[in-house]
Amino acid sequence: MNKILAAAGAALVLCACSENTEENTSIDRALSTITKDAIYAHLAYLADDALEGRLTGEPGHDKAAQYVADRFAEFGLEPGGDDGWYQQVPLQSYLIDTENVSLVVHRNSGDTELSYRDDYTMSADMVRSENSVRGELVYIGRGVHAPDYGYSDYGDIDVAGKILVGYSGGPDIIPGDERSFYSSSQTKHDEMVARGAVGWIGLRSRQSQANSPWERSKKAAGTKASMTWVGLSGVPDSYYPEIRGAASLSPAAATALLDDTPISFEETLDAIEASTVASVPLGIEVTLARKTNHEQLSSPNVIGVIRGTDPELADEYVVYTAHLDHVGVGVEVDGDDIYNGMYDNAMGTAIMIETARALAAAPPRRSIMFIALTGEERGLLGSDYFANYPTVPVDSIVANVNIDMPLFIYPLADIVAFGAEHSSLGPLTDTAVAAEGFILTPDPIPEENIFRRSDQYSFVRRGIPAIYLDPGFTSTDPDIDSVAMRTDHRHNHYHRPSDDLSRPIDWDSAVRFTRANARIGWGIANDDARPTWNEGDFFGDKFAPEP
Ligand SMILES: [Zn+2]
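Calculation rules
Residues numbered from 1 in each chain as written. Predicted model: local features only at pLDDT ≥ 70, side-chain atom pairs only at ≥ 80, totals over all residues. Heavy atoms only, no water. Helix = DSSP H or I, 4+ residues; strand = E, 2+ residues; numbered from the N terminus. Rg over C-alpha atoms; globule rule 2.2 N^0.38 Å. Contact = heavy atoms within 4.5 Å. Areas by Shrake-Rupley, 256 points an atom, 1.4 Å probe, with all protein chains shown as cover. Lys, Arg positive; Asp, Glu negative; His and termini not counted. Charge placed at Lys NZ, Arg CZ, Asp CG, Glu CD. Axes fitted to C-alpha atoms, helices over the stretch in contact; angles between N-to-C directions. Parallel < 35°, antiparallel > 145°, perpendicular 65-115°, else oblique. Left-handed = near helix turned anticlockwise from the far one by under 90°. Nonpolar A, V, L, I, M, F, W, Y, C, P; charged D, E, K, R; others polar. Salt bridge = Lys/Arg side-chain N within 4 Å of Asp/Glu carboxyl O. Buried < 20%, exposed > 50% of the residue type's maximum accessible area, 1.4 Å probe, protein only. Polar contact = N/O pair within 3.5 Å; in protein donor to acceptor, adjacent residues only side chain to side chain. Arc of directions from axis to C-beta.

Caption draft 1: Geometry of the overall build of the protein. Across its full length, the protein carries 17 helices and 20 strands. Relative to the compact-globule value of 24 Å for 547 residues, the protein shows a C-alpha radius of gyration of 24 Å, a close match. Along the three orthogonal principal directions, the C-alpha set of the protein runs to about 80 × 50 × 45 Å. Considering only contacts within the protein whose residues lie at least 6 apart along the sequence, 84% involve residues at least 24 apart. As displayed, the protein offers around 22,000 Å² of accessible surface, 49% of which is attributable to carbon and sulfur atoms. Where the 42 positive side-chain charges of the protein centre and where its 83 negative ones centre are 2 Å apart.

Caption draft 2: Representation of the packing of helix H11 (residues 342-360) against helix H16 (residues 507-526). H16 packs onto H11 with a crossing angle of 55° between their chain directions and a minimal axis gap of 9 Å. Considered as vectors, H11 and H16 are oriented oblique to each other. For H11 against H16, the interelement crossing comes out right-handed. Every residue of H16 that contacts H11 at Ile351, Glu354, Thr355 and Leu359 is listed here: Phe513, Thr514, Asn517, Ala518 and Trp522. Of the residues belonging to the contact of H11 with H16, the class tally is 5 nonpolar, 3 polar and 1 charged.

Caption draft 3: Up close: the pattern of salt bridges. Counted under the stated rule, the structure contains 21 salt bridges. Note that Arg134 is salt-bridged to Glu285, the shortest N-O span being 2.6 Å. Of this pair, Arg134 sits in strand E5 (residues 130-139) while Glu285 sits in strand E12 (residues 280-306), and the two are 151 residues apart along the sequence. We classify Glu285 as partly exposed; its relative accessible area is 28%. Arg519 is the salt-bridge partner of Glu436, the closest N and O atoms lying 2.7 Å from each other. Note that Glu436 is positioned in the loop between helix H13 (425-434) and strand E19 (439-441) and Arg519 in helix H16, a separation of 83 residues in sequence.

Caption draft 4: Up close: the side chain of Gln456. Considering the arrangement of structural elements, one finds Gln456 in helix H14 (residues 456-460). Among the polar contacts made by the side chain of Gln456, one reaches the side chain of Asn402 at a distance of 2.9 Å. In this structure, Gln456 is in contact with Asn400, Asn402, Ile450, Phe451, Ala466, Ile467 and Tyr468, ignoring residues within four places of it in sequence.

Caption draft 5: Spatial organisation of helix H3 (residues 36-46). For H3, the set of buried residues is Ala38, Ile39, His42, Leu43 and Leu46. Mapping the buried residues of H3 onto a view down its axis gives an arc of 130°, with all of them on the same face. Contacts from the buried residues of H3 go to helix H4 (59-74), H11 and H16.

Quick look at the structure:
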């Protein structure tokens, strides 16, 4: 299987290279300067211990930002921020005051106060330093209202003034990327607020109990501030003041809470696995109360531009993104507490820097913008801020190509472009990756909603066609179990101090992936037509409706 894929890839290289125009020669020459040493130099700087895990708002991230700005300057890019190379993103952090939280259950038989950490964790309030809410509980499944798919967890249940109890995610009957939309926190909050709900209590599915045991959540509770960006009006993004309390229950506490109610915890677990709507008022009340500590800070996106050569098209932009931030210094594992984020996402940033260097030597017709994003690990903050306050008119952005944590841990046969099936970026990406000997394969894990989980989704929400380019799951070496290697990375190195320069890197794959990445932007930027959403596409219709 793998060998066949590799052979097909090699055949495609020959086809793609047969057109020998002057333009193709100049891009080929520019791409030939992308080498292991060039990428490694950026990687070695960004993943060094001296940068202390590049945490948003900390000096290590600032140093990394300066490094990227220096490279952009060296390659002759134009500054594309609103402050030279930088676009400062105003941020607000908020952290629960663990000494001042409570969750009280009111039943006819009397009140019970649950125990913080053992029974529940509590989300902090973005703005208020102190608040509380009392309300009747309603079990609401996953809280999804998707009339397009004939599905609603709400039905005709009145939830005004109620505290909802339910699960994250979306039902299987809604297809992958559309499910991403319906299961996003924003869509769910909009629905809750429109219906007048006042609080949320989260439950753990069997899957999430297996993935992340309560013991781990309990330890992490209240240790790390959440963050959001603050708009020009001074109001934090995604703030829902109507939701006055939010907690998450341990499986044991959920079993006890739903003991004498119309539906038990076990029955809710079965219902969501079967995607059965089982919403029902629970006939008990709870009070959620909390205090929150806040802090204001800012952290930069770094932005550089290669000016397009065609006067008609130079005011249009293809935007490349890679998040520069990681998770900083944290819990020590095997004597190391620096979370270097070599793959996540020093690698993506290094690839983007090299892409900028190569394309600066062969500028295409449209302009190309490169953004090293801040705040991804804190909730896609840098990309979302840029998408809301772009430094060029939003209509002039024709596409986004994002890279986040590309793994080169085995010789690579294929590339995945999450989101490629939604727009004209799909065929164009296919051609570009084939020219570097890769096969473009479809999303291998649609159930994980990858398309919504990194920075490209901020652009999608502004109606801009986007892809998230990622190494595929197949190796050219049939003796390698590539899926097992990815799983091992996920379990043992992802968001751990060991994601550092000691990890293996298949350089041949990394170099060709970088060239493919550059070919994609070059292809978009030289095309006569700007990219379009496919006819009737869900995201196109939702976020870029025809006027
Ligand atoms: Zn990442």
